Every structure is written in structure tokens, then in C-alpha cells.
Amino acid sequence: MNNIEIYRTADGSIGLYDKKLNEIYHSKFGAKTEAFEKFIKPALLLNDRNVDILDICYGIGYNTKCALENFNQINSIDCVEIDEDLAKKSFEFEYDNKINQIIKSNLCKPDFINFYFDDIRRVIKSLNKKYDVIFHDGFAPYKQPELWSEELISEIAKHLKSDGIYCTYNHSKPVLNALFKAGLCIGKTLQGGKISGTVASFDEKLIKSPFDKSEIELLNTKSAITYKDKNLSLNSESIIKNREEEVKTSKLETLSRAKKYMSKQENC
Ligand SMILES: C[S@@+](CC[C@H](N)C(=O)[O-])C[C@H]1O[C@@H](n2cnc3c(N)ncnc32)[C@H](O)[C@@H]1O
């Protein structure tokens, strides 16, 4: 907690900033709004069933707390967070008191919410169930590429039910490409008409705003080259360095050339 600063976000909810990593945990525009718009709302399509949820990168638990407020029936929530001290304090951070009490009692004595205080790369292999809803809320790929590698996303996809929904705030090309390579249909989360995140599912009917054909074609460019972490064990620096090398030597088109070519085709 020494590196962490607390600040108030634009919707009045509190957010965290990691000084050492120079990275925010929550959107400045609203931590609670972000949880609802990017993680809960797209998954509420499944609100007619009793859901099993996986919350990857639990932090102080906004996504789990917001799910508790909005889903009608929750069978289980499995939360994964490497920072045990932070997660164990999550019920102390300002939120609806009833919800914080549920978190507190499950931290003391897990009932339907389970906590895994370890690296998601180790935890994911030990989970032996599939989920209706998966939240994936890691720090940005340029800071923690290990949370967004093709191999980790492929493992995460193996834990998504065939009619489940995966949600993330991230919509960078390497992450979209990793989801696409995992066999998922991918779509946009929209907020005020603008893209604010990604939803993915094996069931295309669950994707309300799919990426169109040309956006998918752009995943076959250098900028969409995925982060690689074959044995789920590399450090951030190695993953970034290896990707830079792969981009340098790749024969794929650059994004700008591919876009130029596409607009020429459209004008013909
Ligand atoms: C963007 S914050 C998540 C915010 C969180 N969802 C919330 O509502 O507060 C990213 C979180 O990922 C955690 N994290 C970083 N590396 C991790 C790893 N390898 N496995 C699991 N959690 C990790 C960090 O400790 C941090 O709490």
C-alpha cells in the first residue's frame, strides 16, 4: 500500500494510483462508472441465469462489488489478485455498506466468493471450472504485458463457457488479436457512441456491436502482433523486448499502409 495514492474520480467514487508503476487502477472519469459500463453492463445480457463469475485483477473489487449490486443470481465469484494486502482491505474502501459487508465476511470465511492471492498466470491453470462471466482488468499492456499475452488469453478463454461473456476495458490491437486467435467473437463496448472496451464470446449472438470485417482484417498487421509468454513465466521487460524484435522482423504490413490500401479499395 506504500506506493498507492487514493484520489476521488469524476463520478465521486474513489480511485487508486500506483506511484511506483505510474499507473492508475481506475478511470479518472469514474471508478464506479467504469466498472458498470465496461464490465457489468455488457455481461448483464446473462442476467436471466445463475452466474459463475471470474474477476481477474480484483484490486479493491469494484467489478465484483458492482456485480453483486446488479446481477439477480450469483452462484459464485472467484477473484484473483496478486496484492493480497490490498485485496484484504478492499471492504474498507468507500462503497455501499451492505456490499462491503458481503466482501468482508467472504474474506474472513469464503462462502460464494473465493479469493486467490497469486499471479493469474499460476492461478488460471489450477481453476477447474468454466465461467459465465469473466472480467479481465489488468494494468495496461505496455506496463504489464504478461497480463495480456496470447498464451494467457488462450488459457482464460478455455475457462469461458460456450455461451459466456468476457469483458475488458482494453481494446488495443494485440489484445483484440489474442482474443480473436483464441477463437472468440469480439465486439466493442460503447460509451457515448465511443469505444470504451471489448466484449468477447464464443457465441456471436452475445456480441451486440461486433468489430466489422475491415477491423478484423487490420489484426493481420504489425501493430496487432500479440505479446508472447510461452510458458507464462517471462517478466514484462522480456515480453516487450521480444515483441519489439518480432515487429521489427515481421513481414506483415504496417497498420497505416493497410488502412491506406483499404481506403483505396473502398474508393475504386
Ligand atoms: C487496474 S488494477 C485492477 C482494478 C480492480 N479491478 C479494482 O476494481 O480495483 C490491476 C490489478 O491487477 C493486479 N495484478 C497485477 N499483476 C497481477 C498478476 N500477475 N496476477 C493477478 N493480479 C495482478 C494489481 O495488483 C492490481 O490490483
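Residues numbered from 1 in each chain as written. Predicted model: local features only at pLDDT ≥ 70, side-chain atom pairs only at ≥ 80, totals over all residues.

With that settled, consider the overall build of the protein chain. Counting secondary structure elements, the protein chain contains 10 helices and 10 strands. The C-alpha atoms of the protein chain give a radius of gyration of 19 Å, which matches the 18 Å a tight globule of 268 residues would have. Projected onto the principal axes, the alpha-carbon positions of the protein chain cover approximately 60 × 40 × 40 Å. The 268 residues of the protein chain split such that 38% are buried. Contacts in the protein chain between residues at least 24 apart in sequence constitute 66% of all its contacts with a sequence separation of at least 6. (Helix = DSSP H or I, 4+ residues; strand = E, 2+ residues; numbered from the N terminus. Rg over C-alpha atoms; globule rule 2.2 N^0.38 Å. Buried ≥ 20, exposed ≤ 12 C-beta atoms within 10 Å, placed from the backbone. Contact = placed C-beta atoms within 7 Å.)

This brings us to the site of the ligand. In the vicinity of the ligand lie 20 residues, with Cys 57, Gly 59, Tyr 62, Ile 82 and Asp 137 positioned nearest. A per-class count over the shell around the ligand returns 11 nonpolar, five polar and four charged. (Near = placed C-beta within 6 Å. Nonpolar A, V, L, I, M, F, W, Y, C, P; charged D, E, K, R; others polar.)

Here we come to the sheet that holds strand β6 (residues 113-116). One open sheet holds the seven strands; their spatial order is β6-β5-β4-β7-β8-β10-β9, and the pairing between them is mixed. Lying at the two open borders of the sheet, with one neighbouring strand each, are β6 and β9 (185-191). On average, each strand axis in the sheet is tilted by 20° relative to the strand beside it, whichever way the strands run. Relative to strand β10 (residues 194-201), strand β8 (residues 160-168) is paired through three bridges, and the arrangement is antiparallel. Paired with Cys 167 across the two strands is Val 199, which belongs to β10. Against the sheet, helix α1 (residues 31-43) contacts β7 (131-136), β8, β9 and β10, and its axis sits at roughly 160° relative to β8. (Pairing = 2+ DSSP bridges. Axes fitted to C-alpha atoms, helices over the stretch in contact; angles between N-to-C directions.)

If you trace the three strands from one edge of the open sheet to the other, you get β1-β2-β3, paired in antiparallel fashion. Each edge of the open sheet carries a strand with a single partner, namely β1 (4-8) and β3 (23-24).

Glancing now at the packing of α1 against helix α2 (residues 62-70). For the pair α1 and α2, interaxial distance at closest approach is 9 Å and the crossing angle is 70°. Taken together, α1 and α2 sit at an angle that is classed as roughly perpendicular. For the pair α1 and α2, contact is made by Ala 31, Lys 32, Ala 35, Phe 36, Phe 39 and Ile 40 and by Tyr 62, Asn 63, Cys 66, Ala 67 and Asn 70, respectively. Classifying every residue of the contact of α1 with α2 by side-chain character gives eight nonpolar, two polar and one charged. (Parallel < 35°, antiparallel > 145°, perpendicular 65-115°, else oblique.)

Okay, the pairing of β10 next. Sheet topology note: the β9/β10 ladder contains seven bridges and is antiparallel. The partner of Thr 189 across the bridge, within β10, is Gly 197. A loop of two residues connects β9 with β10, the two strands running antiparallel in sequence, and Gly 192 in this loop sits at a positive phi of about 60°.

Attention now goes to unusual backbone geometry. Of note in this structure, Asn 22 is not a glycine but carries a positive phi near 50°. Along the chain, the position of Asn 22 falls in the loop between β2 (14-18) and β3. At Cys 57, a residue that is not glycine, the phi angle is positive and equals roughly 70°. Within the secondary structure layout, Cys 57 lies in the loop between β4 (51-56) and α2.

Counting residues in hydrophobic clusters, the biggest one holds 57 residues, and the most contacted among them are Val 133, Ile 134, Tyr 166 and Leu 179. Here the element with the most residues in this core is α1; it accounts for five residues. Not counting residues within four places of it along the chain, the set of residues in contact with Val 133 comprises Ala 43, Leu 46, Val 51, Ile 53, Gly 164 and Ile 165. (Core = buried A, V, L, I, M, F, W, Y, C linked by C-beta atoms within 7 Å.)

Moving on: the pairing of β4. In terms of residue burial, β4 counts as a mostly covered element, since six of its six residues are buried. Side chains Val 51, Ile 53 and Asp 55 of β4 all project onto a buried face; the interleaved residues Asp 52, Leu 54 and Ile 56 project onto the opposite face, where all are buried too. Note: β4 against strand β5 (residues 74-80), six bridges, orientation parallel. Paired with Asp 52 across the bridge in β5 is Ser 76. Here four bridges tie β4 to β7, and the two strands are oriented parallel to one another. Counterpart to Leu 54 in the pairing with β7 is Ile 134.

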